[in-house]
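Structural description and commentary
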Amino acid sequence: MKIFFNGEELTVRDDISLSQFIKDRGLTPDGTACAVDENIIPKATWSDFKLEENMHLDVFTLVAGG
């Protein structure tokens, strides 16, 4: 299925959870926030949250420094 990840169109497998998508991208949950269709998704629900066709997923990671 097709989703949009940080503005880039990607093809991902059907029935993938947000948690698995983050893991597959090599990201860690610590210091990471996710918004789907402009709504922040609580980290506690990532495992149960299934991505769907044409969703817009934005992932933000904290970066230390100044």
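Residues numbered from 1 in each chain as written. Predicted model: local features only at pLDDT ≥ 70, side-chain atom pairs only at ≥ 80, totals over all residues. Heavy atoms only, no water.

**Overview of the sheet that holds strand 2 (residues 8-11)**
What counts, and what does not: Paired strands are those between which DSSP finds at least two bridges. Think of it this way: any DSSP run of H or I at least four residues long counts as a helix, any run of E at least two long counts as a strand, and we number them from the N terminus.
The sheet built from five strands is open, its strands ordered 2-1-5-3-4 with mixed pairing. Because the sheet does not close on itself, it has two edges, and the strands there are strand 2 and strand 4 (39-40). The pairing of strand 3 (residues 32-36) with strand 5 (residues 56-61) spans five bridges and is antiparallel. Note on strand 5: the bridge partner recorded for Val-36 is Leu-57.

**Remarks on the pairing of strand 5**
For strand 1 (residues 2-5) and strand 5, the ladder comprises two bridges, and the chain directions are parallel. Bridge assignment links Phe-5 to a residue of strand 5, and that residue is Leu-57.

**As for the pairing of strand 1**
Pairing of strand 1 with strand 2 involves four bridges; the strand directions are antiparallel. Directly across from Ile-3, in strand 2, lies its bridge partner Leu-10.

**A few points about the confidence of the model for the protein chain**
So the rule is basically this: Known as pLDDT, the predictor's per-residue confidence is scaled from 0 to 100.
Predicted confidence across the protein chain gives a mean pLDDT of 94, with 98% of residues reaching 70 or more. Confidence scores differ between elements of the protein chain, with strand 5 showing the lowest mean pLDDT of 95 and strand 1 the highest of 98.

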